[in-house]
Amino acid sequence: MDFSVLADRDCLVVFAAVVLCSDRGVEAHEMGYDYGGIAHLTAKGAAGRTGLSQAASGRALRRLEEAGLIIGNGDGDAWRTSAGIFAGSGDNVSPEPGQGIVAETAGAGTEMVRAMPGRPLPPPVAALMEQFGMTEADVLALAMSGPAEDFSIPDEVYVGGRRVPRQKLPRLKKPAAPTVHTVKASLHGAKPPVWRRLELPSELTLDMVHEVMQIAFSWHGYHLHQFETACGAFGRPGGDWGFEEVGDESAVALAQVAAEEKAKVAYVYDFGDDWRHDIVVEKITPGLPGVAYPRCTGGRGWAPEEDSGGIWAHNEAAAAAGPVMPFTPAALGALGDLAEPT
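The sections below set out a description of the structure shown in this document. Here the structure is a predicted model, which means the values were calculated and not measured.

Let us now look at the environment of L224. Mapped onto the elements, L224 comes out in the loop between α6 (206–216) and β10 (225–229). In this structure, the C-alpha to C-alpha distance between L224 and V268, residues 44 residues apart in sequence, is 8.5 Å.

Structure representation (structure tokens):
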């Protein structure tokens, strides 16, 4: 188990919420559900109770699961404490480390879990929190507080799973001559790697970058998407973003959110399968006369099928398939429909 993730305040607060929700017989405010006498916390429930956005709660829950501190219900939509931490059985006896717990899914016989109990954290968890400089009272105050601004860090945003300082969106500067961003767009977590090297006009708006990414990775636009940038998140207006504040992608250019070399933007497609793409600026150069941009100049690997279950399912399928036909930029002929000569 990797306790270091609790140094991240979002993970710490959400972990406290999971532990408190895991007390059998919880009542009042919707946080998740109780199945077979074991309470599960959902991302929406964590967001509603802690004040974090639903997206931030979901990211924290996934990180906690990867660290082995919580266990999912198998569907990726609800979690509870893992064996060896504090499972909250009916008689309040913590399991021995390594004891297996079979995850249940919501269905017949479920009942809503409505609020965290107003009692202190169990001693093992309180001691764990103190390792990171927080008392039991601090954790309870964070987990039970209402507004997110009471404990969130307003000047930081997530980009590709990492907190970075929030930057003010700059005005788009008009260069003397058109410039081109050469970026490497990689499917995060893919084994073997799947990536594309793309040359994009610096003034290309993010809605058009979305179109390029769809072609480059053979997606079909069936699902929602968004960009995570140092200036905040951007997506299509009118989308169902839940608690997330998302700006209009059609009003923001690539040069504004990635103004320098090595700048990073994350492109997230299909919030269910959670396909994440890291877009890193390699260089910014003047456009070549007569060359039509955007274009793909290199790449590796073939992207997953739509609705194929996420990156882990893709990696398993890729391992089973063995060697496949190598990728060539010529395969992305549809980019020509978006290209305009300089």
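Moving on, we get to the nonpolar core. Across soluble globular proteins, you tend to see nonpolar side chains buried next to one another. Among the nonpolar cores identified, the biggest contains 35 residues, and L198, M213, F217 and I279 are the most heavily contacted of them. For this core, the secondary-structure elements that each account for two or more residues are β8 (179–187), β9 (195–201), α6, α7 (254–257), β13 (264–269) and β14 (275–286). Looking at which element gives the most residues to this core, the answer is α6, with five residues. Setting aside chain neighbours within four positions, we find M213 in contact with A185, L198, W219, Y267, H277 and I279. Counting residues in each nonpolar core, the second largest holds 21 residues, with A43, A46, A56 and L69 among its members.

This part takes up the pattern of salt bridges. It is possible for side chains bearing opposite charge to pair when their charged atoms get close. Under the criterion given, the structure shown has six salt bridges. The partner of E228 in a salt bridge is R59, and the shortest N-O contact between them spans 3.6 Å. Separated by 169 residues along the polypeptide, E228 in strand β10 and R59 in helix α3 (residues 54–66) bring together distant segments of the chain. The class of R59 is buried, set by a relative accessible area of 12%. Across the salt bridge formed by D274 and R276, the nearest N and O atoms sit 3.2 Å from each other. On the basis of relative accessibility, which here comes to 16%, the residue R276 falls in the buried class.

The first and last C-alpha atoms of α3 sit 18 Å apart over 13 residues, in line with the 18 Å expected at 1.5 Å per residue. G68 sits one or two residues past α3 and shows a positive phi near 85°.

Turning our eyes to something else, we now look at the packing of aromatic side chains. Following the criterion strictly, the structure yields four aromatic pairs and no others. Ring centres of W302 and F327 lie 5.5 Å apart, and the angle between their planes is 70°; this geometry places the pair in the edge-to-face category. One end of the pair, W302, is in the loop between β16 (295–300) and α8 (311–321); the other, F327, is in the loop between α8 and β17 (340–341), and 25 residues separate them in sequence. Taking the ring centre of F217 as reference, the NZ or CZ of R196 above it sits at 5.2 Å. In this structure, R196 packs its charged tip against the face of F327, placed 3.8 Å from the ring centre.

Scoring rules and cut-offs
- Residues numbered from 1 in each chain as written.
- Predicted model: local features only at pLDDT ≥ 70, side-chain atom pairs only at ≥ 80, totals over all residues.
- Heavy atoms only, no water.
- Helix = DSSP H or I, 4+ residues; strand = E, 2+ residues; numbered from the N terminus.
- Core = buried A, V, L, I, M, F, W, Y, C linked by side-chain atoms within 4.5 Å.
- Buried < 20%, exposed > 50% of the residue type's maximum accessible area, 1.4 Å probe, protein only.
- Contact = heavy atoms within 4.5 Å.
- Salt bridge = Lys/Arg side-chain N within 4 Å of Asp/Glu carboxyl O.
- Expected span 1.5 Å × (residues − 1).
- Phe/Tyr/Trp six-rings, centres within 6.5 Å; stacked < 30°, edge-to-face > 60°.
- Lys NZ or Arg CZ within 6 Å of the ring centre and 35° of its normal.

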